[in-house]
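# Breakdown of the fold
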Amino acid sequence: MARRPGPADHVPSRPTWRCRACGVAWPCSTAKLNLLAKYRQRKAELKADLLAQQETAADDLAELDGGRRPAGLEDRFTAWVEPRG
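Before going into details, it helps to say that this report is about the structure given with it.

If you trace the backbone, Ala25 turns up in the loop between β2 (18–19) and α1 (29–38). Apart from residues lying up to four places away in sequence, Ala25 is in contact with Trp17, Arg18 and Arg76.

This is the structure in structure tokens:
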């Protein structure tokens, strides 16, 4: 019997940057919750980590799409870190 994915399984699959557990664009909702918990009082560190991952994702995704860097990665990777007001 296959094991059901747990919260720790919600990590990116490169080079597509889809969640290994649920298949949606990473960071998925579960990954976001995990990251917020992990970096609870260190939002600046979380944002810096996500910016680095965003750059890696942009490079990976561009390679898959003939060199075109994808638009909108900021919303996907970092916009959710700050509370909306």
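In this description, an aromatic ring pair is defined by two values, namely the gap between the centres and the angle between the planes. Counting across every chain of the model gives three aromatic pairs. Ring centres 6.0 Å apart and planes at 55° place the aromatic pair Trp17 and Trp26 in the tilted group. Aromatic side chains Trp17 and Phe77 sit 5.8 Å apart centroid to centroid with 65° between the ring planes, which places their arrangement in the edge-to-face category. Taken together, the positions of Trp17 in the loop between β1 (12–13) and β2 and Phe77 in helix α3 (residues 73–77) put the pair 60 residues apart, joining distant regions of the chain. In this structure, Trp17 and Phe77 share a single accessibility class: buried. Taken together, the ring pairs in this structure connect Trp17, Trp26 and Phe77 into an aromatic cluster.

Glancing now at helix α2 (residues 43–64). Relative to the 32 Å expected for 22 residues at 1.5 Å per residue, α2 spans 31 Å between its end C-alpha atoms, a close match to the ideal helical length. Considered for burial, the residues of α2 that qualify are Leu46, Leu50, Gln53, Gln54, Ala57, Ala58, Asp60, Leu61 and Ala62. Just past α2, the residue Gly66 takes up positive phi, approximately 65°.

Here Arg68 shows up in the loop between α2 and α3. Look at Arg68 and you get exposed, because its relative accessible area is 54%. In this structure, the C-alpha to C-alpha distance between Arg68 and Ala58, residues ten residues apart in sequence, is 8.9 Å. The contact partners of Arg68, leaving out residues within four places of it in the chain, are Leu61 and Ala62. Here Asp65 takes part through its side chain, which lies 2.9 Å from a polar atom of the side chain of Arg68.

Along the chain, Arg14 connects to Pro15 via a cis peptide bond; the corresponding omega equals 15°. When you line up the elements, Pro15 lands in the loop between β1 and β2. A cis amide bond, omega 5°, links Trp26 with the succeeding residue Pro27. Note that Pro27 resides in the loop between β2 and α1. Here Trp17, not a glycine, exhibits a phi torsion of approximately 60°, which is positive. Take Trp17: its relative accessible area is 3%, and that puts it in the buried class.

What counts as what
- Residues numbered from 1 in each chain as written.
- Predicted model: local features only at pLDDT ≥ 70, side-chain atom pairs only at ≥ 80, totals over all residues.
- Heavy atoms only, no water.
- Helix = DSSP H or I, 4+ residues; strand = E, 2+ residues; numbered from the N terminus.
- Contact = heavy atoms within 4.5 Å.
- Phe/Tyr/Trp six-rings, centres within 6.5 Å; stacked < 30°, edge-to-face > 60°.
- Buried < 20%, exposed > 50% of the residue type's maximum accessible area, 1.4 Å probe, protein only.
- Expected span 1.5 Å × (residues − 1).
- Polar contact = N/O pair within 3.5 Å; in protein donor to acceptor, adjacent residues only side chain to side chain.

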